[in-house]
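Structure assessment
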Amino acid sequence: MSDLSAALPPGTEILAAEQLTGGFANTTWLVKLADQTVVVKTGAADFATEAKGLAVLRAEGLRTPDVIKVTANALTLEALTPTTPGTDEFWEVAGRAIATLHTKTSPRHGWPENGWLGRLPQENTWDSDGHHFFATRRVLRYLREPKTQEALTPADRADIEQLCARFDQLLPDAPAVLTHGDLWQANVIATHDGRPAFIDPAVSWTWAEVDLSMMFCSGGVPDRFFAAYHELHPPEPGWQQRMRLLNLRELLSVVAHFGPTGDYVEQIRAVVRAYR
């Protein structure tokens, strides 16, 4: 309990603590206090960066958990509802919230500092060219990771490099918008009154469709989310066909974390084959 006590305001009494499942980057606890219940994330992550990302999203209108305390080894947050409602109304509100976030634009892709996606750095070096930024900072950067080199053959890596060189032909030019950055179904939870809230961001300015691709490809997200989103941002032609290409970043991130696990390597190869 000493690690948890250090993550709370001085003098706070812990009544009970339960370790939560589902995350992999950190150890997460649901901690009952006398006056409230909080979530405490512990580990070696850069929690200050996560806290700043939550603050940025909240300032731009997204509901995020309150940050109660940040230390070098822990992040303490307001506890919300850990389950995600499956109603159309919930996902319509979530879709409109992300669409509103994506109205914030920047002349450049990137962020003032590097961040994290899982346990690995998210490279955010500024770039005025969206195709170059996505290729170098969101795809090719994972080819340097030891577990990726273990999982992918030299031919696989060469194929990915050749695909990245064609991004300007395959992906439409689009403005850089403020993105959540790790937007998948598990990172959309509910407030106590049933409204959408967003957790675990990896914020940056980049293409809106990068956020959409995670929601589209990770599963569990009703069509109403995308329909509500597109009420504010009418879709560009062929958007659904681009989702798996843009999700290449997430597939490579998983392989970079875990190596040749599941069918992720084959999914990567399937994306590459689709564009030969």
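Above this text sits the structure in question.
What counts as what
Residues numbered from 1 in each chain as written. Predicted model: local features only at pLDDT ≥ 70, side-chain atom pairs only at ≥ 80, totals over all residues. Heavy atoms only, no water. Helix = DSSP H or I, 4+ residues; strand = E, 2+ residues; numbered from the N terminus. Rg over C-alpha atoms; globule rule 2.2 N^0.38 Å. Buried < 20%, exposed > 50% of the residue type's maximum accessible area, 1.4 Å probe, protein only. Areas by Shrake-Rupley, 256 points an atom, 1.4 Å probe, with all protein chains shown as cover. Lys, Arg positive; Asp, Glu negative; His and termini not counted. Charge placed at Lys NZ, Arg CZ, Asp CG, Glu CD. 1 Å grid on protein atoms, 1.4 Å probe; cavity = no way out; pocket = protein on both sides within 12 Å on 5 of 7 lines; lining within 4 Å. Points joined across faces, edges and corners; volume = space filled by probe spheres on them. Nonpolar A, V, L, I, M, F, W, Y, C, P; charged D, E, K, R; others polar. Pairing = 2+ DSSP bridges. Axes fitted to C-alpha atoms, helices over the stretch in contact; angles between N-to-C directions. Contact = heavy atoms within 4.5 Å.

**Focus: the overall build of the protein chain**
Of the regular secondary structure elements, the protein chain holds twelve helices and twelve strands. Relative to the 2.2 N^0.38 estimate, which gives 19 Å for 276 residues, the radius of gyration of the protein chain is 19 Å and therefore close to what a compact globule would have. In terms of its C-alpha atoms, the protein chain occupies a principal-axis envelope of roughly 60 × 45 × 35 Å. Relative to its 276 residues, the protein chain shows a buried fraction of 48%. Accessible surface, the protein chain: about 12900 Å² in total, of which carbon and sulfur atoms supply 51%. Across the protein chain, the centroid of the 25 positively charged side chains sits 3 Å from that of the 34 negatively charged ones.

**Structural notes on the layout of surface pockets**
One number sums up the size of the second largest pocket: a volume of about 380 Å³. Looking at the second largest pocket, it is lined by 19 residues, and the ones nearest its centre are A174, A208, E209, Y229 and E236. Contributing elements (two or more residues each) for the lining of the second largest pocket: helix 8 (208–218), helix 9 (223–232) and helix 10 (239–246). When residues of the lining of the second largest pocket are assigned to their parent elements, the largest contribution, three residues, is made by helix 8. The class makeup of the residues in the lining of the second largest pocket is twelve nonpolar, three polar and four charged.

**Digging into the environment of P146**
The topology assignment puts P146 in helix 5 (residues 146–151). Judged by relative accessible area, P146 falls into the exposed class, the value being 60%. Along the backbone, P146 and H257 are 111 residues apart, and their C-alpha atoms lie at a distance of 9.1 Å.

**Comments concerning the sheet that holds strand 6 (residues 105–106)**
Strands sit in the order 6-9-12 across an open sheet of three strands; the sheet is antiparallel. Because the sheet does not close on itself, it has two edges, and the strands there are strand 6 and strand 12 (204–206). Bridge count between strand 9 (residues 176–179) and strand 12: three bridges; the pairing is antiparallel. What sits directly across from T179, in strand 12, is S204.

**Considering the sheet that holds strand 4 (residues 67–70)**
The five strands lie next to each other as 1-2-3-5-4, forming an open sheet whose pairing is antiparallel. Strand pairing shows two members of the sheet lacking a second neighbour, strand 1 (14–20) and strand 4, which therefore form its edges. Averaged over all neighbouring strand pairs, the angle between strand axes comes to 20 degrees, with direction disregarded. Of the pairings in the sheet, the one linking strand 3 (residues 37–42) to strand 5 (residues 74–78) comprises five bridges and is antiparallel in character. Looking at strand 5, one finds that V38 is bridged to E78. Across the sheet, helix 2 (residues 47–59) is in contact with strand 3, strand 4 and strand 5; its angle to strand 5 comes to roughly 30 degrees.

**Side note on empty space enclosed by the protein**
A probe matching the size of a water molecule, rolled over the atoms, marks out where space remains unfilled. Following the criterion strictly, the structure yields one cavity of 30 Å³ or more and no others. As a volume, the largest cavity reaches approximately 30 Å³. Every residue lining the largest cavity is listed: Q122, R138, T179, G181, A202, S204, T206, V210, D211 and R249. Of all the secondary-structure elements, those providing two or more residues to the lining of the largest cavity are strand 12 and helix 8. For the lining of the largest cavity, the residue count by class is two nonpolar, five polar and three charged.

Purely geometric numbers; function is a separate question.
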